[in-house]
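Architecture and fold: a report
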Amino acid sequence: EADIYQTPRYLVIGTGKKITLECSQTMGHDKMYWYQQDPGMELHLIHYSYGVNSTEKGDLSSESTVSRIRTEHFPLTLESARPSHTSQYLCASSKGTGEQFFGPGTRLTVL
Amino acid sequence: QKEVEQNSGPLSVPEGAIASLNCTYSDRGSQSFFWYRQYSGKSPELIMFIYSNGDKEDGRFTAQLNKASQYVSLLIRDSQPSDSATYLCAVNERSNDYKLSFGAGTTVTVRA
């Protein structure tokens, strides 16, 4: 059973606000990922990390930023939210064999 | 050409039938292949992985891999209404083992 947590689960916020989406895992996985997924659409990788102090941009350009100060924690920040950021954000972590385990997701709505 | 392509669906099967899902990939160097199930409004859940050519069975699920043809499939035997979901094929990138490329998914509906 994957133990990966995301908060908040749902967030409705106004344009221009700064937000941080939290992701934590208790499995000791080195590798963590953020994906963006619109309803009924594909997953898009926006950020990933292979360990503490390691972060990389993914395949989809994103205005968000991430940090990895602790192995278990991989927060995603939007400095100034816009309606175009409305989406579901999924965090995942991975052990050495490659399979990724997903958190429950944060559904973000920017008004 | 997309890196991972799946039959677009939707796929509708009667309860008790076999659902067959197909996936092709473009990177001949890929070594790891995964199938995820995603219920509407939920996050993807890993159901199968396969690394070697041939078949791998887990309960009612069978994954099949043919690296020469760059093809991976998922069979769901004795389909149940609870199997109604979108199934995502994922393939590791040769240049980066820990990144996965996901297909767009095939939506399966099992009719009772």
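To be clear, the structure that these remarks concern was listed above.
Let me begin by describing the structure that accompanies this report. (Residues numbered from 1 in each chain as written. Chains lettered and ligands numbered in written order. Predicted model: local features only at pLDDT ≥ 70, side-chain atom pairs only at ≥ 80, totals over all residues. Heavy atoms only, no water.)

What to know about the layout of surface pockets
- Of the volumes computed, that of the second largest pocket is approximately 320 Å³.
- Along the wall of the second largest pocket there are 18 residues; nearest its centre are Gln-37, Pro-39 and Gly-40 of chain A together with Gln-38 and Thr-86 of chain B.
- The dominant element in the lining of the second largest pocket, judged by the number of residues it contributes, is strand E9 (residues 85-93) of chain B, at three residues.
- Residues that form the lining of the second largest pocket fall into these classes: six nonpolar, nine polar and three charged. (1 Å grid on protein atoms, 1.4 Å probe; cavity = no way out; pocket = protein on both sides within 12 Å on 5 of 7 lines; lining within 4 Å. Points joined across faces, edges and corners; volume = space filled by probe spheres on them. Helix = DSSP H or I, 4+ residues; strand = E, 2+ residues; numbered from the N terminus. Nonpolar A, V, L, I, M, F, W, Y, C, P; charged D, E, K, R; others polar.)

Focus on the interface of chain B and chain A
- In this assembly, 19 residues from chain B lie in contact with 22 residues from chain A.
- When the two sides are added together, the surface that chain B and chain A hide from each other amounts to roughly 1,700 Å², 52% of it contributed by carbon and sulfur.
- Of all residues in chain B, Tyr-98, Lys-99 and Phe-102 of chain B give up the largest surface area on contact with chain A, accounting jointly for 35% of the area buried on that side.
- The interface formed by chain B and chain A holds one salt bridge in total. (Contact = heavy atoms within 4.5 Å. Buried area = accessible area lost by both parts, 1.4 Å probe. Salt bridge = Lys/Arg side-chain N within 4 Å of Asp/Glu carboxyl O.)

Quick notes on the state of the cysteines
Residue and element names in this part refer to chain A.
- Here the structure, examined in full by the defined rule, presents two disulfides over all chains.
- Across the disulfide from Cys-23 sits Cys-91; the S-S distance is 1.9 Å. With the S-S dihedral at roughly -75 degrees, the linkage between Cys-23 and Cys-91 falls on the left-handed side. Of this pair, Cys-23 sits in strand E3 (residues 19-25) while Cys-91 sits in strand E9 (residues 87-94), and the two are 68 residues apart along the sequence. No difference in accessibility class separates Cys-23 from Cys-91, as the two residues are buried. (Disulfide = S-S within 2.5 Å. Buried < 20%, exposed > 50% of the residue type's maximum accessible area, 1.4 Å probe, protein only.)

Let's talk about the sheet that holds strand E8 (residues 76-78) of chain A
Residues and elements named next belong to chain A.
- Sheet architecture is open: four strands sit in the order E1-E3-E8-E7, paired in antiparallel fashion. Whereas interior strands pair on both sides, the edge strands pair on one side only; in this sheet they are strand E1 (4-7) and strand E7 (65-66).
- Pairing of E3 with E8, which is carried by three bridges, proceeds in the antiparallel orientation. Residue Ile-19 lies in a different strand from E8, and its bridge partner there is Leu-78. (Pairing = 2+ DSSP bridges.)

Describing unusual backbone geometry
- In this chain, Thr-7 of chain A is followed by Pro-8 of chain A through a cis amide linkage whose omega measures -10 degrees.
- Position of Pro-8 of chain A relative to the elements: it lies in the loop between E1 and strand E2 (10-13).
- With phi around 55 degrees, Gln-70 of chain B is a residue other than glycine that occupies positive phi space.
- Here Gln-70 of chain B lies in the loop between strand E7 (61-66) and strand E8 (71-76).

Here we look at the nonpolar core
- In this structure, Trp-35, Val-72, Leu-74 and Tyr-87 of chain B are the most contacted members of the largest nonpolar core, which totals 23 residues.
- The set of elements that each furnish at least two residues to this core consists of strand E3 (19-25), strand E4 (33-38), strand E5 (45-50), E7, E8, E9 and strand E11 (106-111) of chain B.
- Ignoring sequence-local partners within four residues, the contact set of Val-72 of chain B consists of Leu-21, Asn-22, Cys-23, Phe-33, Trp-35, Ile-50, Gln-64, Leu-65 and Cys-89 of chain B.
- Ranked by size, the runner-up nonpolar core spans 17 residues in total, among them Ile-13, Cys-23, Leu-78 and Ala-81 of chain A. (Core = buried A, V, L, I, M, F, W, Y, C linked by side-chain atoms within 4.5 Å.)

Fair warning: the whole summary comes from geometry, so function is off the table for now.
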